[in-house]
Amino acid sequence: DIMTTSKKQRVLFLVICLTFNVAQAFLTYTIRQPKQQSIKPWRNRVVLNESPLKDLGVLDTTEGTGDIAKNGDIVTVKYVGSLLSTNTQFDKSMISFKLGAGRVLPGCEQGIVGMRVGGTRVIQIPSLLGYGPAGFGGPAAPYTIPPDADLEFVVELTALASGKMAEMAAGMGIGLDPN
């Protein structure tokens with residue numbers, strides 16, 4: 001026999017430890033989700049603040065029943081972004097990110113904190129918490145945001161996750177919505 005019994009036992013022990021660590025990582029990657037809902041367009045537009053916006057405005061259109069989002073959580077949201085002044089939609093997608101890590105617009109992060117999983121919220125973002133005086137866009141950009149534009153996002157919080165696996169997935173842009 002090429003391997004001695006002692007070496008076989010050490011290899012078996014390492015395999016068991018590795019398996020345990022992988023299983024623990026997957027168990028730590030917990031997703032708490034409600035029943036599937038879809039984002040409905042904001043029909044009765046109400047500017048929550050004066051225009052141009054001076055403060056962030058939030059309005060819950062559907063109160064969720066799940067866990068509450070807080071800084072440090074990995075959140076998965078479906079969203080529709082529009083220019084507040086013209087109601088022109090510029091983006092619609094789903095994203096997962098670590099809340100409070102600065103990966104999305106500051107107004108979006110601040111507006112999502114305190115949401116419950118399963119909830120839908122309208123977030124009206126003043127320019128300074130959005131793209132600011134520079135705006136966003138260019139020839140290769142997927143959309144253009146004019147300078148100093150106030151924004152409105154309709155956001156549905158579909159899942160919260162925690163743990164190293166969830167952070168890695170969010171960092172790679174992998175959505176955490178199991179549906």
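What counts and how
Residues numbered from 1 in each chain as written. Predicted model: local features only at pLDDT ≥ 70, side-chain atom pairs only at ≥ 80, totals over all residues. Heavy atoms only, no water. Buried < 20%, exposed > 50% of the residue type's maximum accessible area, 1.4 Å probe, protein only. Helix = DSSP H or I, 4+ residues; strand = E, 2+ residues; numbered from the N terminus. Pairing = 2+ DSSP bridges. Arc of directions from axis to C-beta. Contact = heavy atoms within 4.5 Å. Core = buried A, V, L, I, M, F, W, Y, C linked by side-chain atoms within 4.5 Å. Phe/Tyr/Trp six-rings, centres within 6.5 Å; stacked < 30°, edge-to-face > 60°.

With that settled, the discussion passes to the pairing of strand 5 (residues 120-125). When you tally the buried positions in strand 5, you get six out of six residues, the bulk of the element. Neither face of strand 5 is exposed, since Thr-120, Val-122 and Gln-124 on one face and Arg-121, Ile-123 and Ile-125 on the opposite face are all buried. The pairing of strand 2 (residues 57-62) with strand 5 spans five bridges and is antiparallel. Across the sheet, the residue bridging to Gly-57 is Gln-124, located in strand 5.

Attention shifts here to helix 3 (residues 164-171). Considered for burial, the residues of helix 3 that qualify are Ala-166, Ala-169 and Ala-170. One side of helix 3 carries all its buried residues, which in axial view fall inside an arc of 95°. Opposite the buried face of helix 3, at more than 90 degrees from it, the exposed residues are Lys-164 and Gly-171. Here the buried face of helix 3 lies against strand 3 (74-83), strand 4 (89-98) and strand 6 (151-162).

What follows deals with the nonpolar core. Ranked by size, the top nonpolar core spans 24 residues in total, and within it Ile-112, Leu-151, Phe-153, Val-155 and Leu-157 carry the most contacts. Those elements that provide at least two residues to this core are strand 3, strand 4, helix 2 (106-112), strand 5 and strand 6. Broken down by element, the residue count for this core peaks at five residues, all from strand 6. Setting aside residues up to four positions removed in sequence, Leu-151 forms contacts with Ser-82, Leu-83, Leu-84, Phe-90, Leu-105, Ile-123, Gln-124, Ile-125, Gly-130, Tyr-131 and Ile-145.

Let us now look at the packing of aromatic side chains. Inspection of every chain in the model, using the stated rule, returns five aromatic pairs. Seen in terms of ring centroids, Phe-90 and Phe-153 are 5.8 Å apart; in terms of plane orientation they differ by 90°. Their pairing is edge-to-face. Of this pair, Phe-90 sits in strand 4 while Phe-153 sits in strand 6, placing them 63 residues apart in sequence. Note on accessibility: Phe-90 and Phe-153 belong to one class, buried. Between Phe-136 and Tyr-143, the aromatic rings sit 5.2 Å apart at their centres with planes inclined by 45°, giving tilted as the arrangement. Relative accessible area serves as the criterion here: at 31%, Phe-136 is assigned to the partly exposed category.

The next thing to look at is unusual backbone geometry. Unlike most non-glycine residues, Asn-87 shows phi in positive territory, near 60°. Along the chain, the position of Asn-87 falls in the loop between strand 3 and strand 4. Owing to a relative accessible area of 39%, Asn-87 belongs among the partly exposed residues under this scheme. Positive phi, normally seen in glycine, also occurs at Asp-148, with a value near 60°.

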